Amino acid sequence: MRVRVEQTALPGIGVRHDLITGSGRRLGVVTHRNGRRDLVLYDVDDPDACLADIPLTDDESEALADILGASLMLGQLSGLREQAAGLLTEQIAIPAGSRYVGRRLGDTRVRTRTGASIVAVLREGQVIASPDPSFRFAANDVVVVVGTRNGLDGATAVLAGEDPDG
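Residues numbered from 1 in each chain as written. Predicted model: local features only at pLDDT ≥ 70, side-chain atom pairs only at ≥ 80, totals over all residues. Heavy atoms only, no water.

Engineer: Describe the overall build of the protein chain, naming the residues involved and giving the relevant values.
Structural biologist: For the protein chain, the count of helices and strands is four helices and nine strands. Counting from the amino terminus, helix and strand elements in the protein chain follow one another as β-β-β-β-β-α-β-α-α-β-β-β-α. Residue burial in the protein chain is summarised as follows: out of 166 residues, 27% are buried. For the protein chain, restricting intrachain contacts to residue pairs at least 6 apart in sequence, the fraction spanning at least 24 positions comes to 44%. Total accessible area on the protein chain is roughly 10,300 Å²; 53% of this is exposed by carbon and sulfur atoms. (Helix = DSSP H or I, 4+ residues; strand = E, 2+ residues; numbered from the N terminus. Buried < 20%, exposed > 50% of the residue type's maximum accessible area, 1.4 Å probe, protein only. Contact = heavy atoms within 4.5 Å. Areas by Shrake-Rupley, 256 points an atom, 1.4 Å probe, with all protein chains shown as cover.)

Dropping the structure here:
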């Protein structure tokens with residue numbers, strides 16, 4: 001299903017992005033030129049009338065984005081798990097002693113070596129979905145991996161630096 005998002009320039013203020021839900025509700029985010037953001041809910045009967053305007057701090061905006069992004073990604077992974085027999089997801093921590101701290105995801109060759117795929121990295125409360133091969137790991141990153149039981153075990157060994165073929 002395609003989601004309809006409208007962008008409107010607000011001269012002297014910033015920009016407004018409105019999302020129209022499948023039920024016809026309209027909500028938006030106004031991003032002011034100074035960086036401030038407001039979450040806006042519109043009246044169902046009059047889409048130009050604002051029912052609620054909620055100012056968000058940077059931390060609140062980031063937390064809301066994390067909640068929406070993480071729940072969407074985890075929901076998709078859960079649905080994938082139900083569709084594919086034998087396919088599992090696991091979160092693997094990158095220990096400070098891992099040889100991959102500071103190195104690129106591509107250097108691990110996890111997918112080639114184990115058949116498991118790294119689909120996201122959780123770092124300091126942020127979700128980095130679909131990291132590309134140039135993504136660099138940091139100590140204490142949590143890697144979300146999808147694969148078979150053997151693939152996940154292999155990925156854990158690789159990322160912990162316990163794999164003799166590494």
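Now that the structure has been shown, the text picks up again.
Engineer: Tell me about the pairing of strand β7 (residues 117-123), and name the residues and values.
Structural biologist: In this structure, β7 lies alongside strand β9 (residues 142-147), joined through five bridges in antiparallel fashion. Across the sheet, residue Ala120 finds its bridge partner in β9, namely Val144. Of the pairings in the sheet, the one linking β7 to strand β8 (residues 126-129) comprises four bridges and is antiparallel in character. Within β8, the position partnered with Arg123 by the bridge is Gln126. Counting the residues between successive antiparallel strands, the hairpin from β7 to β8 contains two residues, one of them, Glu124, with a positive phi of roughly 50°. (Pairing = 2+ DSSP bridges.)

Engineer: Tell me about helix α4 (residues 149-160), and name the residues and values.
Structural biologist: Here α4 contains twelve residues, and its C-alpha end-to-end distance of 17 Å stays within 8% of the 16 Å for a straight helix at 1.5 Å per residue. Check the buried side of α4 and you find it contacts β6 (88-93), α2 (105-108), α3 (110-114) and β9. (Expected span 1.5 Å × (residues − 1).)

Engineer: Explain the sheet that holds β9 residue by residue, including any values.
Structural biologist: In space, the four strands of this open sheet follow the order β6-β9-β7-β8, with antiparallel pairing throughout. In the strand order of this sheet, the two ends are held by β6 and β8, each with one partner. Geometrically, the sheet is characterised by an average inter-axis angle of 25° between neighbouring strands, direction not taken into account. Lying over the sheet, α4 contacts β6 and β9, oriented at roughly 10° with respect to β6. (Axes fitted to C-alpha atoms, helices over the stretch in contact; angles between N-to-C directions.)

Engineer: Residues and numbers for a nonpolar patch on the surface, please.
Structural biologist: Together, Leu27, Leu41 and Leu51 line one region of the surface with nonpolar side chains, adding up to about 240 Å² of accessible area. Within the element layout of this structure, Leu41 appears in strand β4 (residues 37-42). Since its relative accessible area comes to 33%, Leu41 is described here as partly exposed. (Patch = residues over 30% accessible without salt bridge, like charges linked within 9 Å, V, L, I, M, F, W, Y side chains within 5 Å. Salt bridge = Lys/Arg side-chain N within 4 Å of Asp/Glu carboxyl O.)

Engineer: Requested: an account of the sheet that holds strand β1 (residues 4-10), with residues and values cited.
Structural biologist: Sheet strands line up and pair through hydrogen bonds in the backbone, either parallel or antiparallel. Pairing is antiparallel across the open sheet formed by five strands, whose spatial order is β1-β2-β3-β4-β5. With one partner strand each, in any of the chains shown, β1 and β5 (50-56) form the two edges of the open sheet. Taken pair by pair, the neighbouring strands of this sheet meet at an average axis angle of 20°, ignoring direction. Of the pairings in the sheet, the one linking strand β2 (residues 14-20) to strand β3 (residues 26-32) comprises seven bridges and is antiparallel in character. Looking at β3, one finds that Leu19 is bridged to Leu27.

Engineer: Break down the side chain of Asp18 for me, citing the residues and quoting the values.
Structural biologist: When you line up the elements, Asp18 lands in strand β2. Under the relative-accessibility criterion, Asp18 is labelled buried at 0%. A polar contact of 3.3 Å, which involves the side chain of Asp18, links it to the side chain of Arg26. (Polar contact = N/O pair within 3.5 Å; in protein donor to acceptor, adjacent residues only side chain to side chain.)

Engineer: Break down the layout of surface pockets for me, citing the residues and quoting the values.
Structural biologist: The computed volume of the largest pocket comes to approximately 410 Å³. Taken together, 19 residues make up the lining of the largest pocket; nearest its centre are Leu27, Gly28, Val29, Leu39 and Leu64. Put simply, the parts of the chain that give the lining of the largest pocket at least two residues each are β2, β3, β4, β5 and α1 (58-83). (1 Å grid on protein atoms, 1.4 Å probe; cavity = no way out; pocket = protein on both sides within 12 Å on 5 of 7 lines; lining within 4 Å. Points joined across faces, edges and corners; volume = space filled by probe spheres on them.)

What is shown is where atoms sit, not what they do.
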